[in-house]
Amino acid sequence: MEHTHTSLRRGWTTGSCATAAARAAWSGLCGQGFPDPVTITLPGGQRVAFALAAHGQKGDSAWAAVVKDAGDDPDVTHGAHVRVDVRPAPPGSGVIFRAGAGVGTVTLPGLPLPPGEPAINPVPRRMIRAALREVTGHEPDAEVTVSIAGGQEMARHTLNGRLGIVGGLSILGTTGIVVPFSCAAWIDSIHRGVDVARAMGLEHVVGSTGNVSEQAARALYGLPPEAMLEMGDFAGGLLKYLRTHPVGRVTVAGGVAKMTKLAQGFMDLHSRRGQADMARLADLARAAGGTAALVADVAQAHSVAAAFALARQAGVDLGPPVARAAWVRARDVLAGADCRLDVLLFDRAGKLVARHGPCPVTD
């Protein structure tokens, strides 16, 4: 993606913050004091330091908290207090992870963690184990409970509910670093949604560009929530993953503007990646029987929605040719995957404008 800029400040994942808090708390419990700042090692080998927001010790347990700094990324968890409580565990148990308040629990199959486990992802778990080893020189027997103040409310603004993660946020991160305006987290959520759907044996999934198209497609097909994948602008992120992780049928659903961009070969449908080519849309109007005057009007239209309205007034339906062209582009990305594909176009009110398919992508 081209959304990063040298002037944008990078931040830290919840996994990095939890690792720093865990190391400080374990150090305090082991009688070595609470280091502030506390230094950890990221998966890439970099050493980074975190200031503690608070810490404490009572009996056989200790805790520390770090305030998450997401840098210049508009991250829902920016400013969150990530707290870790530690205490000794029974001999031979190793490091045991628990979900505290505001951290979710996995309830559906298909994720990197089995149902019933706290939503603390594998890389943060490895980071925390390594941080505790740095304190003691070996992997200790320890119970590590991660909490995020307000995490349950924050989780409503994430895709966790769709993935079957209930009760709060996930402790995430593969590099430990948040890259500003990185789309990796959203695309990763799309991929995990596919994994959950496949693990549940679902034969039909829907990738939608937004809430209106999602609700309309779900009503049309009567699918369960786990089949609904909010791909947003990342059509390519969904389709490329389905090429190697296929399901029986995939529906791509969206508004006329974003589906027109897909029809023109855009795989990232965001406006910052470019606008729809109105001249090419005018060509479709001509092929659909539009007059020279309509073709000229469509070419000069200020938006795709306006072009569709002009065509409709002239008795020309742009929906079917756009749906067909979008289907061809999506099929090309799926590249022979053993599944059927259909494309749905909706207007802003959720009314079906056009559809193409379902057809086998191998044809």
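Note: the structure precedes this text.
Residues numbered from 1 in each chain as written. Predicted model: local features only at pLDDT ≥ 70, side-chain atom pairs only at ≥ 80, totals over all residues. Heavy atoms only, no water.

Let's talk about helix H9 (residues 292-300)
Next up, step 1: Listed in full, the buried residues belonging to H9 are Leu 294, Val 295 and Val 298. Axial view of H9: buried residues confined to an arc of 100°, hence all on one face. Facing away from the buried surface of H9 by more than 90 degrees, the exposed residues are Ala 292, Ala 293 and Gln 300.
Next up, step 2: On its buried face, H9 sits against helix H8 (278-287) and helix H10 (304-313). (Buried < 20%, exposed > 50% of the residue type's maximum accessible area, 1.4 Å probe, protein only. Helix = DSSP H or I, 4+ residues; strand = E, 2+ residues; numbered from the N terminus. Arc of directions from axis to C-beta. Contact = heavy atoms within 4.5 Å.)

Notes on the pairing of strand S17 (residues 340-346)
Next up, step 1: Counting buried positions over the seven residues of S17 gives six, a clear majority of the element.
Next up, step 2: Pairing geometry for strand S16 (residues 249-255) and S17, over seven bridges, is parallel. For Val 250, the partnering residue across the bridge sits in S17 and is Leu 341.
Next up, step 3: Strand direction decides the pairing type here: S17 and strand S18 (residues 352-360), joined by six bridges, are antiparallel. The partner of Val 343 across the bridge, within S18, is His 356.
Next up, step 4: Taking the residues that link successive antiparallel strands as the turn, the S17-S18 hairpin has five residues, and the phi of Gly 350 there is positive, at about 85°. (Pairing = 2+ DSSP bridges.)

Quick word on the sheet that holds S16
Next up, step 1: As summarised here, the arrangement of the five strands in space is S15-S14-S16-S17-S18, forming an open sheet in which the pairing is mixed. Both outer strands of the open sheet, strand S15 (228-230) and S18, are each paired with one neighbouring strand and no more. Neighbour-to-neighbour, the strand axes of this sheet turn through a mean angle of 15°, independent of strand direction.
Next up, step 2: In the packing of helix H11 (residues 319-334) onto the sheet, the strands contacted are S16, S17 and S18, and the crossing angle to S17 comes to about 140°. (Axes fitted to C-alpha atoms, helices over the stretch in contact; angles between N-to-C directions.)

Structural notes on the packing of aromatic side chains
Next up, step 1: Scanning the model with the defined rule gives one aromatic pair in all.
Next up, step 2: The ring of Tyr 221 has Arg 249 sitting right over it, with the charged end atom 4.7 Å from the ring centre.
Next up, step 3: Against the face of Phe 266 rests Lys 261, its NZ or CZ located 4.7 Å from the ring centre. (Phe/Tyr/Trp six-rings, centres within 6.5 Å; stacked < 30°, edge-to-face > 60°. Lys NZ or Arg CZ within 6 Å of the ring centre and 35° of its normal.)

Some remarks on the side chain of Gln 264
Next up, step 1: Mapped onto the elements, Gln 264 comes out in the loop between helix H7 (256-263) and H8.
Next up, step 2: Dropping the residues within four chain positions of it, Gln 264 is found in contact with Ala 276, Asp 277, Arg 280, Leu 281 and Arg 329.

Considering the pairing of strand S2 (residues 38-41)
Next up, step 1: The alternating pattern of S2 places Val 38 and Ile 40 on a buried face, while none of Thr 39 and Thr 41, on the opposite face, is buried.
Next up, step 2: Counting the residues between successive antiparallel strands, the hairpin from S2 to strand S3 (residues 47-50) contains five residues, one of them, Gly 45, with a positive phi of roughly 100°.

Some points on the packing of H7 against H10
Next up, step 1: Viewed as axis vectors pointing N to C, H7 and H10 meet at an angle of 95°, and their least axial separation amounts to 8 Å. By the criterion of interaxial angle, the relationship of H7 to H10 is roughly perpendicular. On H10, the residues touching Val 256, Ala 257 and Thr 260 of H7 are Val 304, Ala 305 and Phe 308.
Next up, step 2: Residue composition of the contact of H7 with H10, by class: five nonpolar, one polar and no charged. (Parallel < 35°, antiparallel > 145°, perpendicular 65-115°, else oblique. Nonpolar A, V, L, I, M, F, W, Y, C, P; charged D, E, K, R; others polar.)

Considerations on the sheet that holds strand S5 (residues 61-67)
Next up, step 1: Taken together, the five strands give an open sheet; going across it, the order is S4-S5-S6-S10-S7, and neighbouring strands pair in mixed fashion. Two strands in the sheet have a free side with no partner beyond their single neighbour: strand S4 (54-58) and strand S7 (95-99). Each adjacent strand pair in this sheet contributes to an overall mean axis angle of 15°, direction not counted.
Next up, step 2: Helix-sheet contacts for helix H1 (residues 14-29) involve S4, S5, strand S6 (81-88) and strand S10 (142-148), and the interaxial angle to S6 is about 40°.
Next up, step 3: Sitting on the sheet, helix H2 (residues 122-136) touches S7 and S10, and the angle it makes with S7 is about 130°.

Quick word on the nonpolar core
Among soluble globular proteins, nonpolar side chains are generally buried collectively.
Next up, step 1: Within the largest apolar cluster, 63 residues are counted, with the highest numbers of intra-cluster contacts made by Val 252, Met 259, Leu 262, Leu 281, Leu 334, Leu 341 and Leu 345.
Next up, step 2: By residue number, the principal contributor to this core is H11, which donates seven residues.
Next up, step 3: If we ignore the near neighbours within four places in the chain, the residues touching Leu 341 are Val 250, Val 252, Trp 327, Ala 330, Arg 331, Leu 334, His 356, Gly 357, Pro 358, Cys 359 and Val 361.
Next up, step 4: Of all hydrophobic cores here, the second largest spans 40 residues; its members include Cys 17, Val 123, Leu 132 and Val 146. (Core = buried A, V, L, I, M, F, W, Y, C linked by side-chain atoms within 4.5 Å.)

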